[in-house]
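Chain and residue survey
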Amino acid sequence: MTDTSPLDVTAVRRDFPLLSRESHGRRISYLDTAASSLPPHAVVEAMDHYYETTHANVHRGVYETAEEATRLFESARTTIGRFLGAPDPAREIVFTRNTTESINLLARTWGEQHLGEDDAVVLTLMEHHANIVPWQMLAERTGVELRFLGLDDQLRLDLSNLDELLDGAKLLSVTAMSNVLGTVNAIGPLAAAAHAAGALIHVDGAQAALHLPHDVAALDIDFLSLSGHKMLGPTGIGVLWGRAELLADLPPFLGGGGMILDVRTDRFIPADAPQRFEAGTPPIAEAVGLAEAVRYISGLGVETIHAHESMLTTYALDRLEAAFGDGITIYGPPAGPDRGGVISFELGDVHAHDIAQILDSVGVCVRPGHHCAKPLMRHLGVQAAARASFGPYSGHDDVDALVAGLQQATTVFL
Amino acid sequence: MTDTSPLDVTAVRRDFPLLSRESHGRRISYLDTAASSLPPHAVVEAMDHYYETTHANVHRGVYETAEEATRLFESARTTIGRFLGAPDPAREIVFTRNTTESINLLARTWGEQHLGEDDAVVLTLMEHHANIVPWQMLAERTGVELRFLGLDDQLRLDLSNLDELLDGAKLLSVTAMSNVLGTVNAIGPLAAAAHAAGALIHVDGAQAALHLPHDVAALDIDFLSLSGHKMLGPTGIGVLWGRAELLADLPPFLGGGGMILDVRTDRFIPADAPQRFEAGTPPIAEAVGLAEAVRYISGLGVETIHAHESMLTTYALDRLEAAFGDGITIYGPPAGPDRGGVISFELGDVHAHDIAQILDSVGVCVRPGHHCAKPLMRHLGVQAAARASFGPYSGHDDVDALVAGLQQATTVFL
Amino acid sequence: MADLEELYREIILDHYRSPRNRGELTGEAALRAEGFNPLCGDEILVTLHVDDGTVTDIKISGQGCSISQSSASLMSAAVKGKPVAEVRKTIETFKTLMTVHEAQLEDAGDAPEPEPVDLRTLGELAALQGVVKFPMRIKCATLGWNTLAQALDDASL
Amino acid sequence: MADLEELYREIILDHYRSPRNRGELTGEAALRAEGFNPLCGDEILVTLHVDDGTVTDIKISGQGCSISQSSASLMSAAVKGKPVAEVRKTIETFKTLMTVHEAQLEDAGDAPEPEPVDLRTLGELAALQGVVKFPMRIKCATLGWNTLAQALDDASL
Ligand SMILES: Cc1ncc(COP(=O)(O)O)c(C=O)c1O
Ligand SMILES: Cc1ncc(COP(=O)(O)O)c(C=O)c1O
């Protein structure tokens, strides 16, 4: 019944202190990785070590700890860039607060520079609000048209009118993986289509970063956004990767120290990328933590994590189907390589909020709601869904606890 | 010689692990608090505890850890708000990345809404780039005029033409303490003058937060910006405080999850303040750490820290004067209650960079350069100055090490 | 699990399964307000008739969890036929019951405690007191109430 | 302290105290470029005359630390009177010496090592090799060189 996984989940779990806590007297089943992943001890320790032996503001100090802090911060850029397959990390990795800020940065700089009334941006119906609202705000300012790629009945992107939508568009901005459906989008072909139409492509990698191999060069994409806290890293840090020649041409985003070459009372001269986009003291400890997270992920192997989660997803879909049959509605494509470890569902008349509450009482952590994807929810005709999502520390026992908890929920609401 | 301090520095130092490391075989003398303060162990531990027992994304989960995380995050808002004397922390404290982002937020929202070609913003010649460049960027977009309050010959604000500059201005944006001169500005009277002229006042509190008592209500100010890493807290977090009724009227800053009430493909409805300004997953662990930093500061007492640093500043000014006489030029007002613990200087022909390098070799950490205040540096006619700055963990021995190191620098460059 | 049973009392499940006063009053005379819980997506529409200072009819529509739905249903039953002044008081009483604990959510705990609520004045509504042990659900429970207050405010009642 | 003595060699201090080729060449024929180190505020102005493919004169002005000033002074002495092609080569050699270590600053260390530089080809410039132990100072040492390269680039030389 429990297929052998390529990951030794018991060993992996030992690296995640939070998993040894109890909740309501039960072992915790953390099934909310799509909202935020847990950090392994090594990540927390790397930040502690930084704070307690090295902390200093970067870039301007010549004393020993300031030099070390700068080296750690800049080598985090390299480590993360390499992880993403970036050709030139030192010039291409911009540190932000989160994916949301990365996309706002892109919309405010590249968007304001290139997109006017006669232009269009293509999004999809499965985007997170982070990849919708910044473009709507841009549209309010510049009049750029927003177009939405639809979904087919297996809840994959409907590519039948892609070329039509791309006609006259300057950007395709699409998630690598849906945080509601688990749908994994084939980025390579989308990038090729965008480029063929003369558009650039931005990939929202927030949801995919921990689970799917990335190689920005091989995928031939132009921009990529990430959040540290969704890839075993700390809160307070995100990444915007952009091709060096594209970043080099962008105007500044926020103004302040660190992003300038010179300031006079009547003007300023901005610095080069990526510093141009990093105004003020950056998230230094967080960069150190994120680099450690990336090393941890690489240690397990992204492919291995993906294989593990695929297997778990198949197991979960089977068990839910077997236990609830027509009583459960699961939103997303069938199990398979383009199905990530995110399972959103409705269970009969039990509202998602109540499901989550009842699961909580048995130590199972799932998230109810619209998952910041209201246009998708409207498309699905659901107001709120419960969502279970996996990480490398998730196991068959978590799925079993989920199913048992749901059985209990149906009895409360019989 | 060593006046008795209200702080037991030896005991305080025990709380700061970094101070027990050596640098080049010497005890470290950390004199760069104005760039970034060190975090006490309690701050690091609070974040560790959060990550290892409680971490979850906030606001949307109903399971136990998500509830706890939300409570910790929101109670951090309250703790920080109370520390600042904010009447309504839950609605008035916006979490940002740093002071720089706070000021950009203000310029982008309040500034774009209220400031046009016929309006003016009053800054001062002692501002940090963080309080200049965002206004220059706004001026580029809206044509608002920027005016600069000058300095008198003791390097305090020259208030003789304040009313003239405020005439027709809508905002006075001023630092509570100069990060170069140590000048402490009397905010109360500035706020009164701004309000009398029909302008609002924003205070850049980055430099003052750790050292000077704040009470936004008593000072009667409108907006205040802070950075966590300059007040014994973590990197990656800052605060914008604004009066509730002012924040309530502002348009959104960045778009994404968490800052909306509803999103459709063709429009979105923003949430209320402060959530409206917090797009995406916020710096959760950092908020927890910053709340702990604020508790630590309150434990020592801001007044006590200020008294300690004042005493140390007087001692340092005396010793530097005695050791180098005319050979040293110190930029800033004489010792006194409006002189904070920041000492910038030039030492004969020895360039600031060389001074810092030589001090490093004896474990003394100072910062050379323009300190992100180029308009001020031009006014002073200096290209780079060395800066020593104090925190609650700084002691007479640090000043002694500084003076000894400087003596050595003069022999190298004899 | 004991807390959970406190939350999902039979009377709450009953109002969830068979909501009272379900529907929408239309026409010029109807007061209306819409409420939203952005965190979970709950939506509610409260419509009511006020004649001679009395809530003569009230209808609830929208979607939401058992707590928001049953709380709105219980509310509709509690206020129908009551004078506006009394309705206002009930709203206040109910919100006080909830706010005590909402305040705890945002606070380290040194704020002054509000007056305790006499549960006997609440009738069936007292069934909702189990919610206070679940701070994240308080916004569910108060959604209908805030929306009703909004409708009255908009009509300056 | 041993490292520090390596950094502040006598020859460096000498060029700092008495910079060679100090000043500014004016007039149409002069090539010029300005350099900046945003981190510490160092500024440099390099002006030069190139006649018949040879750097016939060069002057340096600006402000900066002992390393940026002495490096520019040493550079001016090293390139004056030399053919542009040779100057280009010296610039490359010097930058390679520095970049080895600049790369270490940005890197975990698994990048390919550049070719080692034969110090004997550098003459007096070799005095600057102590800088490489101080990664934050490398940008000081290369400022003048990058600015000279910029001036040549701008003139397509
Ligand atoms: C007075 C003042 N304002 C603003 C800042 C900017 O702070 P941050 O880099 O944390 O945004 C600083 C820090 O150097 C400062 O001293
Ligand atoms: C696909 C996707 N994009 C963007 C985001 C936003 O991430 P953050 O809140 O870290 O900015 C999320 C997180 O929920 C997501 O799942």
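Reading guide: rules and limits
- Residues numbered from 1 in each chain as written.
- Chains lettered and ligands numbered in written order.
- Predicted model: local features only at pLDDT ≥ 70, side-chain atom pairs only at ≥ 80, totals over all residues.
- Heavy atoms only, no water.
- Helix = DSSP H or I, 4+ residues; strand = E, 2+ residues; numbered from the N terminus.
- Contact = heavy atoms within 4.5 Å.
- Domains from an automatic or database assignment.
- Buried area = accessible area lost by both parts, 1.4 Å probe.
- Salt bridge = Lys/Arg side-chain N within 4 Å of Asp/Glu carboxyl O.
- Least-squares fit on C-alpha atoms with pLDDT ≥ 70 in both.
- Polar contact = N/O pair within 3.5 Å; in protein donor to acceptor, adjacent residues only side chain to side chain.
- Near = heavy atom within 4 Å.
- Axes fitted to C-alpha atoms, helices over the stretch in contact; angles between N-to-C directions.
- Left-handed = near helix turned anticlockwise from the far one by under 90°.
- Nonpolar A, V, L, I, M, F, W, Y, C, P; charged D, E, K, R; others polar.
- Areas by Shrake-Rupley, 256 points an atom, 1.4 Å probe, with all protein chains shown as cover.
- Buried < 20%, exposed > 50% of the residue type's maximum accessible area, 1.4 Å probe, protein only.
- pLDDT = per-residue confidence, 0-100.
- Expected span 1.5 Å × (residues − 1).
- Disulfide = S-S within 2.5 Å.
- Pairing = 2+ DSSP bridges.

What follows is about the overall build of chain C. Of regular secondary structure, chain C possesses five helices and three strands. Of the regular secondary structure in chain C, the N- to C-terminal order runs α-α-β-β-β-α-α-α. Considering only residue pairs separated by 6 or more positions, chain C has 66% of its internal contacts joining residues 24 or more positions apart.

So, on to the domain arrangement of chain A. All names here are of chain A. Per the domain assignment, the segments making up chain A are domain 1 (9-30 + 303-413) and domain 2 (44-299). Centre-to-centre separation of domain 1 and domain 2, based on C-alpha positions: 29 Å. At the junction of the two partners, domain 1 supplies 31 residues and domain 2 supplies 25 residues. Summed over both sides, the interface of domain 1 with domain 2 buries roughly 2300 Å², with 63% coming from carbon and sulfur. When the area that domain 1 buries against domain 2 is broken down by residue, the three leading residues are Asp338, Cys372 and Leu376, summing to 22%. The tally of links from domain 1 across to domain 2 stands at one salt bridge. Here Asp338 ties to Arg156 by a salt bridge, and the two come within 2.5 Å at their closest N and O atoms.

Expressed as a screw operation, the relation of chain A to chain B combines 0.0 Å of axial shift with a rotation of 180°, fitting to an RMSD of 0.0 Å. In the structure described here, the two chain copies are related by an operation that fits a two-fold rotation axis. If distances are taken from each C-alpha of chain A to the rotation axis, the shortest is found for A:Gly236, at 2.8 Å. The overlap is high: 100% of the interface residues of chain A also sit at the interface in chain B, so the same surface is used on both sides.

A few words now on the interface of chain A and chain B. Listed by partner, the interface residues are 93 residues for chain A and 93 residues for chain B. Approximately 7600 Å² of surface area, both sides summed, lies buried where chain A meets chain B, with 55% of it carried by carbon and sulfur atoms. Our enumeration of links across chain A and chain B arrives at 10 salt bridges. A salt bridge links B:Lys374 to A:Asp262, with the nearest nitrogen and oxygen atoms 3.0 Å apart. The interface formed by chain A and chain B contains 54 residue pairs in polar contact (both at pLDDT 80 or more).

Among the 15 residues in the neighbourhood of ligand 1, the closest are listed as B:Thr100, B:Asp204, B:Gln207, B:Ser227 and B:Lys230. Flanking ligand 1 are residues from chains A and B. Residue B:Asp204 places a side-chain N or O atom 2.5 Å away from a nitrogen atom belonging to ligand 1. One of the side-chain N or O atoms of B:Ser227 is found 2.5 Å from an oxygen atom in ligand 1.

Here the focus is the packing of helix H3 (residues 66-79) of chain C against helix H5 (residues 135-154) of chain C. All names here are of chain C. Their axes nearest at 8 Å, the elements H3 and H5 cross at an angle of 35°. For H3 against H5, the interelement crossing comes out right-handed. Each of Ser66, Ile67, Ser68, Ser71, Ala72, Met75 and Val79 in H3 lies in contact with H5, whose residues at this interface are Arg137, Cys140, Ala141, Gly144, Trp145 and Leu148. Grouping the amino acids of the contact of H3 with H5 by side-chain chemistry returns eight nonpolar, four polar and one charged.

Around ligand 2, 15 residues are found, and the nearest of them are A:Thr100, A:Asp204, A:Gln207, A:Ser227 and A:Lys230. Around ligand 2 the close residues trace back to chains A and B. Here an oxygen atom of ligand 2 and a side-chain polar atom of A:His128 are 3.0 Å apart. In this structure, A:Asp204 approaches ligand 2 through a side-chain N or O atom, which is 2.5 Å from a nitrogen atom. For ligand 2, the accessible surface in isolation is 400 Å², of which the surrounding protein chains cover 95%.

Residues and elements named next belong to chain C. Take Gly144: it is sitting in helix H5. Judged by relative accessible area, Gly144 falls into the buried class, the value being 1%. Along the chain, Gly144 and Leu45 lie 99 residues apart, while their C-alpha atoms are 8.2 Å from each other.

All names here are of chain C. Chain-level pLDDT for chain C is 87 on average; 87% of the residues reach the 70-or-more range. A low-confidence stretch, residues 105-111 stays under pLDDT 50, and its non-local contacts, those more than four residues away or across chains, total 12 contacts. In the predicted assembly, ipTM is 0.93 and pTM is 0.95.

Let us now look at helix H15 (residues 396-412) of chain B. Each turn of an α-helix holds 3.6 residues, which means side chains three or four residues apart point in the same direction. Between its terminal C-alpha atoms H15(B) stretches 25 Å, which fits the 24 Å expected from 17 residues at 1.5 Å a residue. Within the span of H15(B), buried status applies to B:His396, B:Asp398, B:Val399, B:Leu402, B:Val403, B:Gly405, B:Leu406 and B:Ala409.

A separate point is the state of the cysteines. In total, this model carries zero disulfides over all chains according to the counting rule given. B:Cys365 takes part in no disulfide bond, and the closest cysteine sulfur, belonging to D:Cys140, lies 18 Å away. B:Cys365 sits in the buried class, given a relative accessible area of 2%. For D:Cys140, a relative accessible area of 0% translates into the label buried.

A few words on the side chain of C:Asn21. Residues and elements named next belong to chain C. Structurally, Asn21 is set in the loop between helix H2 (10-17) and strand S1 (31-37). Separated by 3.1 Å, the side chains of Asn21 and Lys80 make a polar contact. Not counting residues within four places of it along the chain, the set of residues in contact with Asn21 comprises Ile58, Lys59, Ile60, Ser76, Ala77 and Lys80.

A few words on the environment of C:Thr90. Residue and element names in this part refer to chain C. Of note, Thr90 is situated in helix H4 (residues 84-106). Along the primary structure Thr90 and Leu125 are separated by 35 residues, whereas in three dimensions their C-alpha atoms are 9.9 Å apart. Discounting chain neighbours no more than four positions away, the residues touching Thr90 are Leu125 and Trp145.

Close approach of charged atoms lets side chains of opposite charge pair. Residue and element names in this part refer to chain B. Going through the model one piece at a time under the given rule, you end up with 66 salt bridges over all chains. Residue Arg367 pairs with Asp32 through a salt bridge whose shortest N-O separation is 2.6 Å. In this pair, Arg367 sits in strand S16 (residues 367-369) while Asp32 sits in the loop between strand S3 (29-30) and helix H2 (41-54), placing the two residues 335 residues apart along the sequence. With respect to class, Arg367 is no different from Asp32; both count as buried.

Glancing now at the sheet that holds strand S9 (residues 223-227) of chain A. All names here are of chain A. Overall, mixed pairing links the seven strands, which are arranged S4-S10-S9-S8-S7-S5-S6 in an open sheet. Each edge of the open sheet carries a strand with a single partner, namely strand S4 (93-96) and strand S6 (145-149). Adjacent strand axes in the sheet meet at a mean angle of 20° when their direction is disregarded. Two strands pair when backbone bridges link them, and strand S8 (residues 200-204) and S9 are joined in this way by three bridges, in the parallel orientation. What sits directly across from His202, in S9, is Phe223. Of the strands in this sheet, S4 and strand S10 (238-242) are in contact with helix H3 (residues 64-83), which crosses S4 at around 115°. Set on the sheet, helix H5 (residues 99-114) makes contact with S4, strand S7 (169-175), S8, S9 and S10; between it and S9 the angle comes to about 155°.

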